[in-house]
Amino acid sequence: MLPSNNKKSNTFPNPLAKPAEKAEKDYGLQYAKAIENQWGRIDDDGSVYRKRLREFQKNRDYANGTQDTAVYKQILTSLDPNNGDGTLLNLDWSPVPIVPKFVKIVVNKILSQNLYPNVRAVDPLSTSEKDSKKREIKMQVENREFFEQMKSMGIQTKTNLEEVPDTLEEVEIFMDSNIKTQAEIAAQISADLTLKWNKFDETTLRRCVNDLVALGMAVVKRQNDPSHGIVEEYVDPSTFIHSYTEDPNFGDLSYAGHVKKMTIQELKRIAGEQFTDKEYEEMAMKVKGKYTNSTSNFSNRYYDNFLQREVYGYEEYIVEVLDFEFLTIDDVYFEEKQSKYGNVGFYYKGDEYKGSKNSVFERTPHKLSNMCVYGGKYIMGCGKIFNYEKKPNVPKNIYDISKARLSYSVVATNLMSMMPKSMVGGITGFADMLQLTHLKIQQAVAKAKPDGLIVDIEGLENVQLGRGGELQPLDIQDIYEQTGVFYYRSKNPEGGFQNPPVRPLENTIRNINELIGLYNHYLNMIRDATGINEMMDGSTPKGETLVGVQQNAIAAGNNAIYDITHCTMVLYQSVVEDIIKCLQILPNDSILYRVYENAIGKENMDVMSSFNDLPMHNFGVLVNKDMDEKDRQYLEQNIQVALSQKEIDVEDALAIRQLRDVDQAERLLIVRRKKRIKTQQEQMQAQAQAQAQAQAQAAQAASQAKMQEIQMQAQIEMQKMQMEAQIKAQMLEVEYTFKKELELIKAQGLLGIRGTEQEFKEKLETFKEDRKDERVAKQTVEQSKLISQRQGQRGELKEEDSQMDIVKQLLQ
């Protein structure tokens, strides 16, 4: 840093001045001149600004492959290196685009991670709301069966069982990503929408990552444009100036700004009537002959009928304008006063406080140190300032009311003595040596001779043509080159043997192999310095390389560029946090507020801007990134294995692939796999029970069929017996009828009855009665026998006699 002198115009103004004094233009002008003095004049080659500008421009030239080749010409020019006589100007001096290749590899690798913000509310109100939501979900999971029973009974509940996780493990997985308060949802949507409107990921972020690789620094400025909304503007680090810091995240800056070049005509459009035509002419006079401004156009003047105004030639002159802002503390006072009713109130007293004397009630002053942002635009080299003011709508909330931040988001990979160190800056020396080796190869190729001949002149003398005459040496050479045939005498005239007088001289490039080895050496040095190995850029893949070796090489490359990746995430986080804070302080009656209200909804904007003066929600931003290719391949392998073993469904695989965080994806895979295995076990148990039940039912059916068969057989046997009994009864009846008829015939034959049928019937009745008497008599005889046998008193009656007597009586 250049030391500042003791002049008042070159020193920073009093930071403890009153707010009214800080709001004056003179205060801002003195601050701007102090910044200019601290960094040195922009057109001064010895200033810090010019030193950093030269370093950054050099690194950018190497990163784009357009570095100055004059140094190479001086080294390779052999006659007059200082003046460059042009001896080797026939070489191709174009730089070898090795450094741009490595820059693109790093930039594309970081951008391929697809960074996205995850907004979380860290204020007590949002935390309490989120904890309540988590407890509610856990309660729903634990009482899932109860809700299902209520649903089966037809009782309606507010719980949607389809959206409730199955297990507490799934609740833990989706707790952080899916459970968000309304304020978090509103902040997430609005931040994503603002980034999309700014095309931050496609344009600004790419330029910033490229600056981190080439320059070691990236800068983004936020502007609250009433027409375009919240604008995240890219700032060239080579034009960025700031207060002294050793923090690579630039978290302790007291002032910052950047230099922009614009024409006086554009300056008139922005500054308007803040300067007179005479002042604009004085500015043009000071920059005449600088910044490619032509001195001949200064006095040109004409009237433009289309614009209906006088046009001056100096309006095309370019001036450099410093857009700066700084932090300062404004002290404001509040008075605590007790009323006659015993109530205590606080009253705003401004930036000055004078206690009231002889007050009846007690008065206590309270000072609030409020950090504010002042800024404006300073025309460098002209001593003019415009648009200087206290910045309105500075992003704050109730949890850091006394703090404010500048509108710049700045990061650096490494910062030492205000000069960042970049990856490109560390390999420029190797790139120069590689380029020199490449030119040396060209030089060796240019100096290489074509195929030639070694000709022994003495051996060609006295060579006869054949039929007389002799060939000269040049004739022999022509014949040899045209036909490739050469005849010579093996003996010289003295009789001694001689070598072939014409021998070919093969072409060789001197030191070509050594130069190629040297070229590869410096290329490997660049790889070692950047950490971009062959496995990382895929330049020389080898099929026999083990997977573990490849992964280790890629991991080593990721570690080498981690500082760039980390700075990118820090910058992204800072930009998103700034956007959210700006959205919280949008005036409710502004056009921009209505634009966001139409885009994300009235309720979301009401939650975002709770309280009119200060938002009540405090948000923290986590920058997440998509899983890298290695993690994605590993996850996909596990998914395929689980699918092949039917441990997860296709729907589970789709849900796992949609997650962008590898840890959440792996945890979800484990949970879904356990859930699927449990479901399969339940299905197997259900199938076993169903099979056992089916077997029992089959056995019961077989038993019932067998019983029915036995019953049918018994019924058939019974029917058979009944039929037999019935047939036997019918046979007995028939037999009885036949016997009856036979007895009748016998009776007719015995009685000799020849009378009428009536007589026969009468006699038959008489016969029946007699037969009855006979049976009675027979019974009497039998009884008499029994009595006689028992008592032994009388003799037995003879059966034969009684029967004969009966027959006789019947015949009579």
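We now turn to the structure provided with this report. (Residues numbered from 1 in each chain as written. Predicted model: local features only at pLDDT ≥ 70, side-chain atom pairs only at ≥ 80, totals over all residues. Heavy atoms only, no water.)

## Focus on the sheet that holds strand 3 (residues 229–235)
Here's step 1: Sheet architecture is open: 3 strands sit in the order 3-2-12, paired in antiparallel fashion. A single partner strand is all that each edge strand has here, and the edge strands are strand 3 and strand 12 (408–412). Mean inter-strand twist for the sheet, computed between neighbouring axes without regard to direction, equals 15°.
Here's step 2: Note that strand 2 (residues 217–225) and strand 3 share 7 bridges and pair antiparallel. Bridge pairing in strand 3 links Val219 to Val235.
Here's step 3: Contacts from helix 10 (residues 200–214) reach strand 2, strand 3 and strand 12 within the one sheet, and its direction differs from that of strand 2 by about 145°.
Here's step 4: Sitting on the sheet, helix 19 (residues 562–584) touches strand 2, strand 3 and strand 12, and the angle it makes with strand 12 is about 170°. (Pairing = 2+ DSSP bridges. Helix = DSSP H or I, 4+ residues; strand = E, 2+ residues; numbered from the N terminus. Axes fitted to C-alpha atoms, helices over the stretch in contact; angles between N-to-C directions. Contact = heavy atoms within 4.5 Å.)

## Regarding the side chain of Thr413
Here's step 1: By the secondary structure assignment, Thr413 is in the loop between strand 12 and strand 13 (415–416).
Here's step 2: From its side chain, Thr413 meets the backbone oxygen of Lys421 in a polar contact 2.9 Å long.
Here's step 3: If we skip the residues at most four places from it in the chain, Thr413 touches Leu212, Gly216, Lys421, Asp563, Ile564 and Cys567. (Polar contact = N/O pair within 3.5 Å; in protein donor to acceptor, adjacent residues only side chain to side chain.)

## Quick word on the packing of aromatic side chains
Here's step 1: Enumeration over the complete set of coordinates arrives at 16 aromatic pairs.
Here's step 2: Centre to centre, the rings of Phe12 and Tyr31 are 5.0 Å apart; their planes meet at 70°, and the pair counts as edge-to-face. Residue Phe12 is located in the segment before helix 1 (19–22), and its partner Tyr31 is located in helix 2 (residues 25–39); the two are separated by 19 residues in the primary sequence.
Here's step 3: Owing to a relative accessible area of 9%, Tyr31 belongs among the buried residues under this scheme.
Here's step 4: Measuring from centroid to centroid gives 5.8 Å for Phe200 and Tyr572, while their planes differ by 70°, and the two rings are edge-to-face. Remark: Tyr572 occurs in helix 19 and Phe200 occurs in helix 10; sequence separation between them is 372 residues. For the pair Phe200 and Tyr572, one class covers both residues: buried.
Here's step 5: In this structure an aromatic cluster arises from ring pairing among Phe12, Tyr27, Tyr31, Tyr255, Phe324, Phe326, Tyr374 and Tyr388.
Here's step 6: Taking NZ or CZ as reference, Lys101 lies 5.7 Å from the ring centre of Phe102, over its face.
Here's step 7: The side chain of Lys288 reaches across the aromatic face of Phe298, ending 4.9 Å from its centre. (Phe/Tyr/Trp six-rings, centres within 6.5 Å; stacked < 30°, edge-to-face > 60°. Buried < 20%, exposed > 50% of the residue type's maximum accessible area, 1.4 Å probe, protein only. Lys NZ or Arg CZ within 6 Å of the ring centre and 35° of its normal.)

## Quick word on a nonpolar patch on the surface
Here's step 1: On the surface, a nonpolar cluster with roughly 300 Å² of combined accessible area is contributed by Trp197, Ile591 and Val595.
Here's step 2: Positionally, Val595 belongs in helix 20 (residues 591–600). (Patch = residues over 30% accessible without salt bridge, like charges linked within 9 Å, V, L, I, M, F, W, Y side chains within 5 Å. Areas by Shrake-Rupley, 256 points an atom, 1.4 Å probe, with all protein chains shown as cover. Salt bridge = Lys/Arg side-chain N within 4 Å of Asp/Glu carboxyl O.)

## As for the environment of Arg363
Here's step 1: By the element assignment, Arg363 lies in strand 10 (residues 363–379).
Here's step 2: Once the C-alpha coordinates of Arg363 and Val344 are considered, the two residues, 19 residues apart in sequence, prove to be 9.8 Å apart.
Here's step 3: With sequence-adjacent residues up to four places away left out, Arg363 is seen in contact with Glu335, Glu336, Lys337, Tyr353 and Ser356.
Here's step 4: Here the side chain of Arg363 touches Glu335 through a polar contact of 3.0 Å, side chain to side chain.

## As for the packing of helix 13 (residues 428–447) against helix 16 (residues 512–530)
A pair of packed helices is captured by two measures, namely the crossing angle of their axes and the spacing between those axes.
Here's step 1: Interaxial distance between helix 13 and helix 16 falls to 9 Å at its minimum, and their mutual angle equals 165°. Considering the angle they form, helix 13 stands roughly antiparallel to helix 16. Crossing geometry of helix 13 relative to helix 16 is assigned as left-handed. Counting all contacts with helix 13, which are made through Phe430, Ala431, Met433, Leu434, Thr437, His438, Lys440, Ile441 and Ala444, the residues of helix 16 involved are Ile512, Leu515, Ile516, Leu518, Tyr519, Tyr522, Leu523, Met525, Ile526 and Ala529.
Here's step 2: Within the contact of helix 13 with helix 16, the residues separate by chemical class into 16 nonpolar, 2 polar and 1 charged. (Parallel < 35°, antiparallel > 145°, perpendicular 65-115°, else oblique. Left-handed = near helix turned anticlockwise from the far one by under 90°. Nonpolar A, V, L, I, M, F, W, Y, C, P; charged D, E, K, R; others polar.)

## Some remarks on unusual backbone geometry
Here's step 1: Phi is positive for Phe250, close to 55°, though the residue is something other than glycine.
Here's step 2: For Phe250, the location among the structural elements is in the loop between strand 4 (240–242) and strand 5 (255–263).
Here's step 3: On the basis of relative accessible area, Phe250 is assigned to the buried category, the value being 7%.
Here's step 4: At Ser417, a residue that is not glycine, the phi angle is positive and equals roughly 55°.
Here's step 5: Topologically, Ser417 is positioned in the loop between strand 13 and strand 14 (419–420).

## A few points about the pattern of salt bridges
Here's step 1: In total, this model carries 12 salt bridges according to the counting rule given.
Here's step 2: Between Asp236 and Arg60 there is a salt bridge, with the nearest N and O atoms lying 2.7 Å from each other. One end of the pair, Asp236, is in the loop between strand 3 and strand 4; the other, Arg60, is in helix 3 (residues 48–64), and 176 residues separate them in sequence.
Here's step 3: Owing to a relative accessible area of 22%, Asp236 belongs among the partly exposed residues under this scheme.
Here's step 4: Note on Arg60: relative accessible area 18%, which makes it buried.
Here's step 5: Here Glu534 ties to Arg527 by a salt bridge, and the two come within 3.9 Å at their closest N and O atoms.
Here's step 6: Assessed through its relative accessible area of 30%, Glu534 is described here as partly exposed.
Here's step 7: Salt bridges sharing partners connect three or more residues here, namely Lys22, Asp330 and Lys390.

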